[in-house]
Amino acid sequence: MQDYAGKVALVTGASRGIGAATARAFADRGTNVVLAARNMGSLLELVDEINAAAAGAPKGARGQARAISCDVGDYTQVETAVAATLDRFGRLDFLINNAGTIDPMGSIAASEPADWARALKINLLGPYHGIRAALPVLQAQGNGGAIINISSGAAHNPMEGWAAYCTGKAGAAMLTRAAAQEVDGSAIRIIGLRPGTVETRMQQQIRASGIDNRVSRMTPADHFPPEAPAELICWLCSMAAADLHGQEVDIRMPEIQARAGLRQAS
Ligand code: NDP
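Residues numbered from 1 in each chain as written. Predicted model: local features only at pLDDT ≥ 70, side-chain atom pairs only at ≥ 80, totals over all residues. Heavy atoms only, no water.

Novice: How would you summarise the sheet that holds strand β5 (residues 145-150) if you had to cite specific residues and measurements?
Specialist: Strands belonging to one sheet form pairs held by backbone hydrogen bonds; the direction of such a pair is parallel or antiparallel. Spatially, β3-β2-β1-β4-β5-β6-β7 is the arrangement adopted by the seven strands of the open sheet, whose pairing is parallel. Sheet topology places β3 (65-69) and β7 (248-250) at the edges, where each strand pairs with a single neighbour. With direction set aside, neighbouring strand axes in the sheet form an average angle of 20 degrees. As paired strands, strand β1 (residues 8-12) and strand β2 (residues 32-37) are joined by five bridges and run parallel to one another. Paired with Thr12 across the two strands is Ala36, which belongs to β2. (Pairing = 2+ DSSP bridges. Helix = DSSP H or I, 4+ residues; strand = E, 2+ residues; numbered from the N terminus. Axes fitted to C-alpha atoms, helices over the stretch in contact; angles between N-to-C directions.)

Here is the structure:
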């Protein structure tokens, strides 16, 4: 656990789904976590759960948590989240750019430009805002760290009714590569993750949308539980995954599952 104990992770979109599972997985490993999202009620419930578990464990065995209200589409709020992380825990080691939205779903011809702008702010500018705010901190600390951008198969293949999502995720996938290039030769790792399809509120929204595509026709049993990508995200932050810097990996890759010792993969 030397990769995790006493380290500090900032997880965006931590109020539910993959982000919440990732926060729990880090805390299980002794990593302190800052949970960022807009729904403070859900964040505070998770903070209480994580801190209660830490209080009942030997000192340092489990990570502690704090919550911060943050809309990743607003750079000032992301900068504040990074500052709050340093204020509470004194350092930052891992940034998980996980917050995302599937909205707006529907055709480009019938879309609202303001809805597209909002989606791109969250799915594309969100990860940029995170990297912009966190990277100088990692560089100043001088001892590495990892940034994981949560990507999607939709970054690489158009899906019916998801043009805004596919476009934002495609841009974010290039951001992973471009940002990685800027830190080549340092100990900082920047890696993209396609988490497979995961049974979260996003999949509930997809099923309820009326959009007919390959993913909306899937059932809850077809998807990974959020704990599977959460475990993989933690592993990607470890030095064991350092060779994946600049790449985007898919949870469905058998060699990745084997290397990460994934227990939750279906
Ligand atoms: P959920 O809808 O369950 O959770 C999304 C999270 O993002 C919530 O915590 C939400 O919190 C947060 N969020 C949304 N908008 C913002 C914002 N503007 N600022 C801050 N936080 C925000 O989705 P998942 O857990 O499924 O998705 C997590 C990531 O995984 C996303 O990037 C998604 O694109 C990606 N992904 C998911 C797949 C799946 O099958 N589920 C497949 C491939 C990729 P709040 O509303 O409180 O702000």
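Next comes the rest of the write-up.
Novice: Tell me about empty space enclosed by the protein, and please be specific about residues and values.
Specialist: The final tally for this structure, using the stated rule, is one cavity of 30 Å³ or more. Taken as a whole, the largest cavity spans an internal volume of roughly 30 Å³. In terms of lining residues, the largest cavity is bounded by Leu10, Thr12, Ala36, Cys70, Val78, Ala81, Leu95 and Gly130. Listed by contribution, the elements that provide at least two residues to the lining of the largest cavity are β1 and α3 (75-89). Class assignment for the residues of the lining of the largest cavity results in six nonpolar, two polar and no charged. (1 Å grid on protein atoms, 1.4 Å probe; cavity = no way out; pocket = protein on both sides within 12 Å on 5 of 7 lines; lining within 4 Å. Points joined across faces, edges and corners; volume = space filled by probe spheres on them. Nonpolar A, V, L, I, M, F, W, Y, C, P; charged D, E, K, R; others polar.)

Novice: Tell me about the packing of α3 against helix α4 (residues 113-141), and name the residues and values.
Specialist: For any two helices packed against each other, the geometry is given by the interaxial angle and the distance between the axes. Between α3 and α4, the shortest axis-to-axis distance is 8 Å and the interhelical angle comes to 30 degrees. The angle between the axes of α3 and α4 places the two elements in the roughly parallel class. Relative to α4, the crossing made by α3 is right-handed. Seen from α3, the contacting residues are Tyr75, Val78, Glu79, Val82 and Leu86; seen from α4, they are His129, Gly130, Arg132, Ala133, Ala134, Val137 and Gln141. Among the residues forming the contact of α3 with α4, the class breakdown is seven nonpolar, three polar and two charged. (Parallel < 35°, antiparallel > 145°, perpendicular 65-115°, else oblique. Left-handed = near helix turned anticlockwise from the far one by under 90°. Contact = heavy atoms within 4.5 Å.)

Novice: Account for the layout of surface pockets, with residues named and values stated.
Specialist: To locate leftover empty space, one rolls a probe as large as a water molecule over the atoms. Roughly 960 Å³ of volume is contained in the largest pocket. Every residue lining the largest pocket is counted, 46 residues in all, and those nearest its centre are Asn98, Gly100, Thr101, Tyr165 and Met202. Contributions of two or more residues to the lining of the largest pocket are made by α1 (17-28), β2, α4, α5 (163-183) and α6 (201-208). A total of five residues in the lining of the largest pocket trace back to one element, the largest contributor, which is α6. The residue inventory of the lining of the largest pocket, partitioned by class, reads 18 nonpolar, 18 polar and ten charged.

Novice: Pulling in residues and values, what's your account of the nonpolar core?
Specialist: Counting residues in hydrophobic clusters, the biggest one holds 44 residues, and the most contacted among them are Phe26, Ile96, Leu232 and Leu236. With eight residues, the single largest contributor to this core is helix α7 (residues 227-237). Apart from residues no more than four positions distant in its own chain, Ile96 is found in contact with Leu10, Val11, Thr12, Thr22, Phe26, Ile148, Ile150, Ile233 and Cys237. One finds Ala81, Leu92, Leu95 and Ile122 within the second-largest nonpolar core, a separate group that totals 29 residues. (Core = buried A, V, L, I, M, F, W, Y, C linked by side-chain atoms within 4.5 Å. Buried < 20%, exposed > 50% of the residue type's maximum accessible area, 1.4 Å probe, protein only.)

Novice: I'd love a proper account of the side chain of Asn97, names of residues and values included.
Specialist: Examined against the element boundaries, Asn97 turns out to sit in strand β4 (residues 94-97). Only 3.4 Å separates the side chain of Asn97 from the backbone oxygen of Pro127, close enough to count as a polar contact. Side-chain polar atoms of Asn97 contact the side chain of Asn149, separated by 2.8 Å. Setting aside residues no more than four positions away along its own chain, Asn97 makes contact with Thr12, Gly126, Pro127, Gly130, Ile131, Ile147, Ile148, Asn149 and Ile150. (Polar contact = N/O pair within 3.5 Å; in protein donor to acceptor, adjacent residues only side chain to side chain.)

Novice: So what about the side chain of Thr85? Which residues, and what values?
Specialist: With respect to the element layout, Thr85 can be found in helix α3. On the basis of relative accessibility, which here comes to 0%, the residue Thr85 falls in the buried class. Those residues in contact with Thr85 that lie beyond four places of it in its chain are Val8, Leu10, Val34, Gly90, Arg91 and Leu92.

Novice: For the packing of aromatic side chains, give the residues involved together with the corresponding values.
Specialist: According to the stated counting rule, one finds two aromatic pairs in the structure shown. Between Phe26 and Phe94 the ring centres are 5.6 Å apart and the planes differ by 15 degrees, which places this aromatic pair in the stacked class. With a gap of 68 residues between them, Phe26 in helix α1 and Phe94 in strand β4 connect regions that are remote in the sequence. Of the two residues, Phe26 and Phe94, neither departs from the other in class, the shared state being buried. Of note, Arg29 hangs over the ring of Tyr4, and the distance from its end group to the ring centre comes to 5.7 Å. (Phe/Tyr/Trp six-rings, centres within 6.5 Å; stacked < 30°, edge-to-face > 60°. Lys NZ or Arg CZ within 6 Å of the ring centre and 35° of its normal.)

Novice: Run through α7, naming residues and quoting values.
Specialist: Summarising burial for α7: ten of the eleven residues are buried, a large majority. Along α7, the residues that are buried comprise Ala228, Pro229, Ala230, Glu231, Leu232, Ile233, Cys234, Trp235, Leu236 and Cys237. Those residues of α7 hidden inside the fold are in contact with α1, β4, β5, β6 (188-194), β7 and α8 (254-260).

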